[in-house]
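# Structure at a glance
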Amino acid sequence: MARGRVEKRGSKKRKVKPVILIVTEGSKTEPGYFNHFRTRQKNIDVRVVGSRTSAGETDYNSLIRKAKEYQDKNDLSSVNGDTVWIVADGDVNYTNPNPIEKKDTALSHARKLANQKGMEMIISNPCFELWYLLHFRYTTGFLKDYEAVKKLLKEHIPDYEKANDVFPMLEGHLDKATKRARQLEEYHLKNGNAVPYGIAVNPFTEVYRLIEAIIS
């Protein structure tokens, strides 16, 4: 249905904008970032659901279940132009045996489940902060974890911490970040990897796809 559709609720009629529901594993970083788009978009309704715990929720299937609960409770439907996006990290625990293989298996299963439910999964490997880093520089080097990304990010945002609102420092470089994320994707394709990427591919981020959906 076209944007700006009219929906009848009881005896009242009101314009209803398509919803972009964003469910994140983080409780601060991702919600803080995406909430900035809620007041910037006039033709869509951006809703952000973060983790219920400060430690975050890193289980892919739990995020999908949470998204489905919200979707059902709020009557979201693709028929009305609504979309659901799961934003999560690669987040490999290298202390576990066969860590990449196990994480890849979990991600593959989650992607199939999300696809069955009409949801989009957006992965950043190793973490969401890679998207921030691409606002300032391009890199193809292996980044083991959040701390590795944070070290590079601090070269551009010296006082960076997860709870900080860095959106004002990023928004002027959004086009560059999108270009670099696409460039990174192309780099991995040329090296024989197939989309969607597994956890063995590092680094990469699909956040640009969600941003393009929001601002299109």
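Before reading further, recall that the structure is shown in the block above.
Note that the coordinates shown come from a computational prediction; the quantities given were computed from them, not determined experimentally. (Residues numbered from 1 in each chain as written. Predicted model: local features only at pLDDT ≥ 70, side-chain atom pairs only at ≥ 80, totals over all residues. Heavy atoms only, no water.)

### Thoughts on the nonpolar core
- In terms of nonpolar packing, the biggest core is built from 37 residues, with Tyr-33, Phe-34, Trp-131, Tyr-132, Leu-210 and Ile-214 touching the most fellow members.
- Looking at this core, the element that brings in the most residues is helix H8 (residues 207-215), giving 5 residues.
- For Ile-214, the contacting residues outside a window of four places in its chain are Ile-20, Ile-22, Phe-34, Phe-37, Gln-41, Ile-44 and Val-46.
- In terms of nonpolar packing, the next biggest core, distinct from the first, is built from 23 residues, Leu-63, Leu-76, Ala-88 and Tyr-197 among them. (Core = buried A, V, L, I, M, F, W, Y, C linked by side-chain atoms within 4.5 Å. Buried < 20%, exposed > 50% of the residue type's maximum accessible area, 1.4 Å probe, protein only. Helix = DSSP H or I, 4+ residues; strand = E, 2+ residues; numbered from the N terminus. Contact = heavy atoms within 4.5 Å.)

### Considering the packing of helix H7 (residues 174-190) against H8
- As a packed pair, H7 and H8 sit with axes 10 Å apart at the nearest point and diverge in direction by 135°. Considered as vectors, H7 and H8 are oriented oblique to each other. The two elements H7 and H8 meet at a crossing, and its hand is left-handed. In this structure, H7 contributes Leu-174, Thr-178, Ala-181, Arg-182 and Glu-185 to the contact, and H8 contributes Tyr-208, Ile-211, Glu-212 and Ile-215.
- Class assignment for the residues of the contact of H7 with H8 results in 5 nonpolar, 1 polar and 3 charged. (Axes fitted to C-alpha atoms, helices over the stretch in contact; angles between N-to-C directions. Parallel < 35°, antiparallel > 145°, perpendicular 65-115°, else oblique. Left-handed = near helix turned anticlockwise from the far one by under 90°. Nonpolar A, V, L, I, M, F, W, Y, C, P; charged D, E, K, R; others polar.)

### Considering the packing of aromatic side chains
- Under the counting rule described, the total for this entry stands at 10 aromatic pairs.
- The structure contains a cluster of three or more aromatic residues connected by ring pairs, namely Tyr-33, Phe-34, Phe-37, Phe-128, Tyr-132, Tyr-160 and Phe-167.
- When the ring centre of Tyr-146 is taken as origin, the NZ or CZ atom of Lys-162, which lies over that ring, is 4.3 Å away. (Phe/Tyr/Trp six-rings, centres within 6.5 Å; stacked < 30°, edge-to-face > 60°. Lys NZ or Arg CZ within 6 Å of the ring centre and 35° of its normal.)

### A look at unusual backbone geometry
- For the bond from Asn-125 to Pro-126, the omega torsion is 15°, close enough to zero to count as cis.
- Looking at the secondary structure, you find Pro-126 in the loop between strand E6 (120-125) and helix H4 (129-133).
- For the bond running from Asn-202 to Pro-203, omega is 0°, close enough to zero to count as cis.
- Mapping Pro-203 onto the fold places it in the loop between H7 and strand E7 (204-205).
- The phi dihedral of Asp-91 falls on the positive side, at around 50°, and the residue is not glycine.
- Mapped onto the fold, Asp-91 is located in the loop between strand E5 (83-89) and helix H3 (99-116).
- Asp-91 gets classed as partly exposed once you look at its relative accessible area, which sits at 34%.
- Not every positive phi belongs to a glycine, and Asn-98 is a case in point at roughly 50°.

### Examining the sheet that holds strand E4 (residues 45-49)
- Overall, mixed pairing links the 5 strands, which are arranged E4-E3-E5-E6-E7 in an open sheet. Looking at which strands have only one partner, the edges of the open sheet turn out to be E4 and E7.
- Pairing of E6 with E7, which is carried by 2 bridges, proceeds in the antiparallel orientation. The residue of E7 that forms the bridge with Asn-125 is Phe-204.
- Those strands touched by helix H2 (residues 60-73) are strand E3 (19-24), E4, E5 and E6, and its axis lies near 155° from that of E5.
- Sitting on the sheet, H8 touches E3, E4, E5, E6 and E7, and the angle it makes with E6 is about 135°. (Pairing = 2+ DSSP bridges.)

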